[in-house]
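For reference, the chains in residue letters:
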Amino acid sequence: MDADGNATSGSAMNERDISERLALIESMMQAGRKSTEYWGWNFLLWGIAYLVAVAWSSFLPHGGGPLLAWPITMIFATLLTIGIARRRTRNKPRSEKSRALQAIWTAMGCGIFVFAFPVAFSGHYQPQSFMAAIEVMLGIAHVASGSFLRWPLQIVVGALWWVAAIASCFVNGNGIAYVFLAATFVRMIGFGIYLMIRESRDKARARGAEVQHA
Amino acid sequence: MPELPDLDPVVHGKMRLAVLSLLSGVDEAEFTWLRTQTGSTDGNLGAHLLKLEEAGYVAVEKKFVARKPMTLYRMTDEGRAALERYIASLKALLGKALV
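Everything quoted here is computed from the prediction, not taken from an experiment.

**Q** Explain the overall build of chain A to me, please; I cannot follow it from the model alone.
**A** When its secondary structure is counted, chain A shows seven helices and zero strands. Counting from the amino terminus, helix and strand elements in chain A follow one another as α-α-α-α-α-α-α. Looking at chain A as a whole, 41% of its 214 residues qualify as buried. Long-range pairs, those at least 24 residues apart, make up 71% of the contacts in chain A with a sequence separation of at least 6. Roughly 11400 Å² of accessible area belongs to chain A as shown, and the carbon and sulfur atoms make up 65% of that amount.

Here it is in structure tokens:
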């Protein structure tokens, strides 16, 4: 017996004890791995930001157009993301996986900023190319993230962004906005809501499987 | 009859086993997160973490972030090896693979 009263000799443990311990190990390892996956709110936030930017650019001709719409909404969304992320990850553990995913999405976000601002202010803004480039970058991040997580659903979401990028090259006028709006609604907002529902279900399940005090 | 393996008494405690399993999946974790995941109290968890630290299975780092104290725990190589040995011993006892 150890100091906690647990039998330490293998022969003194029965099959139920052993199975319980293996299940405990598995559930705790899962808890450690899963703790960094809940970013549904971020997809929802950026989906709404994109919708606002596109709607502002396309449907409010006297509102400053894309030169105002995109910088303001993207900066606002970035500040919100940083603030919410800091609050939500304050007590969360870090892992190689979380760092890798953060790197993918941070690089994508920086890439969009590096691309979008100069294009918006250079006078070389061309709607089809601009939207297609944004959609390609979103697709890259989703596919990279989904490949890393071995999550087919996210890879499909990324591929659908690439489909939207191709479609953007062939539409004119407000059609570009409609393609992007449809893609954003499904692949950002829909995906974000799905992740948030999954998160609340996982948390409810985890609450029901708390470890007994030793 | 084959000899049944003795189990590492440091790892064998349920709370310590839970903590090591949690730490095995992350680089490092805060004390508050470990407490939430295990449903333990500060004192109980602290005592078990001290035992793991004394055995060399976890390393602790105390620092201040935005003037707030933060205690981070990290599994050591010895801790990882001890957990792997423990799992292997359980599997040998049970005779089936961990899914």
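**Q** Help me out: how do you make sense of the packing of helix α2 (residues 40–59) of chain A against helix α3 (residues 65–88) of chain A in this one?
**A** The description of two helices packed together rests on the angle between their axes and the distance between the axes. Residues and elements named next belong to chain A. α3 packs onto α2 with a crossing angle of 165° between their chain directions and a minimal axis gap of 8 Å. Put simply, α2 runs roughly antiparallel to α3. In the crossing of α2 with α3, the sense of the turn from one axis to the other is right-handed.

**Q** Any chance you could explain a nonpolar patch on the surface here in plain terms?
**A** All names here are of chain A. A surface patch of nonpolar side chains, about 250 Å² in accessible area, is lined by Val136, Ile140 and Trp162. Within the element layout of this structure, tryptophan 162 appears in helix α6 (residues 152–170). On the basis of relative accessible area, tryptophan 162 is assigned to the partly exposed category, the value being 34%.

**Q** Could you clarify how one ought to interpret the sheet that holds strand β2 (residues 58–65) of chain B in this entry?
**A** Paired through their backbone hydrogen bonds, the strands of a sheet run either parallel or antiparallel. Residue and element names in this part refer to chain B. What the three strands build is an open sheet, ordered β1-β3-β2; its pairing is antiparallel. Only two strands of the sheet have a single neighbouring strand rather than two, namely β1 (29–30) and β2. Strands β1, β2 and β3 (68–75) of the sheet are contacted by helix α2 (residues 14–24), whose axis makes an angle of about 90° with β3.

**Q** Help me understand the pattern of salt bridges in this model?
**A** Close approach of charged atoms lets side chains of opposite charge pair. By the definition in use, this model includes seven salt bridges over all chains. A salt bridge links glutamate 199 of chain A to arginine 88 of chain A, with the shortest nitrogen-to-oxygen separation between them at 2.8 Å. One end of the pair, glutamate 199 of chain A, is in helix α7 (residues 174–207); the other, arginine 88 of chain A, is in helix α3, with 111 residues separating them in the sequence. On the basis of relative accessibility, which here comes to 7%, the residue glutamate 199 of chain A falls in the buried class. Taken together, the salt bridges that share partners define one network made up of Arg16 and Glu20 of chain A together with Lys14 of chain B.

**Q** What is the right way to read the pairing of β3 of chain B from this model?
**A** Each regular strand displays side chains that alternate between the two surfaces of the sheet. Residue and element names in this part refer to chain B. As paired strands, β1 and β3 are joined by two bridges and run antiparallel to one another. Its bridge partner being in β3, glutamate 30 is matched across the sheet by leucine 72. Relative to β3, β2 runs antiparallel, the two sharing eight bridges. Residue pairing across strands places valine 58 opposite methionine 75, the latter belonging to β3. Hairpin geometry of β2 and β3 is characterised by an intervening segment of two residues between the two adjacent antiparallel strands and by a positive phi of about 55° at alanine 66.

**Q** Is there a simple way to explain helix α5 (residues 127–149) of chain A in this structure?
**A** In an α-helix, one turn spans 3.6 residues; hence positions three or four apart end up facing the same way. With 23 residues, α5 of chain A extends 33 Å between its outermost C-alpha atoms, agreeing within 8% with the 33 Å of an ideal straight helix rising 1.5 Å per residue. Just past α5 of chain A, the residue arginine 150 of chain A takes up positive phi, approximately 55°.

**Q** I'm lost on the confidence of the model for chain B in this one. Help?
**A** Residues with a pLDDT of 70 or more make up 91% of chain B, whose mean pLDDT is 88. Least confident of the elements in chain B is β2 of chain B, whose mean pLDDT is 90; most confident is helix α4 (residues 42–54) of chain B, at 96.

**Q** What's the story with the packing of α2 of chain B against helix α5 (residues 77–94) of chain B in this structure? I'm lost.
**A** Residues and elements named next belong to chain B. Put simply, α2 and α5 touch, their axes get as near as 10 Å, and they point 115° apart. Note that α2 runs across α5; the crossing there is left-handed. Listed contacts from α5 to Leu17, Leu20, Ser21, Leu23 and Ser24 of α2 are Arg80, Leu83 and Tyr86. When its residues are assigned to classes, the contact of α2 with α5 shows five nonpolar, two polar and one charged.

Calculation rules
Residues numbered from 1 in each chain as written. Chains lettered and ligands numbered in written order. Predicted model: local features only at pLDDT ≥ 70, side-chain atom pairs only at ≥ 80, totals over all residues. Heavy atoms only, no water. Helix = DSSP H or I, 4+ residues; strand = E, 2+ residues; numbered from the N terminus. Buried < 20%, exposed > 50% of the residue type's maximum accessible area, 1.4 Å probe, protein only. Contact = heavy atoms within 4.5 Å. Areas by Shrake-Rupley, 256 points an atom, 1.4 Å probe, with all protein chains shown as cover. Axes fitted to C-alpha atoms, helices over the stretch in contact; angles between N-to-C directions. Parallel < 35°, antiparallel > 145°, perpendicular 65-115°, else oblique. Left-handed = near helix turned anticlockwise from the far one by under 90°. Patch = residues over 30% accessible without salt bridge, like charges linked within 9 Å, V, L, I, M, F, W, Y side chains within 5 Å. Salt bridge = Lys/Arg side-chain N within 4 Å of Asp/Glu carboxyl O. Pairing = 2+ DSSP bridges. Expected span 1.5 Å × (residues − 1). pLDDT = per-residue confidence, 0-100. Nonpolar A, V, L, I, M, F, W, Y, C, P; charged D, E, K, R; others polar.

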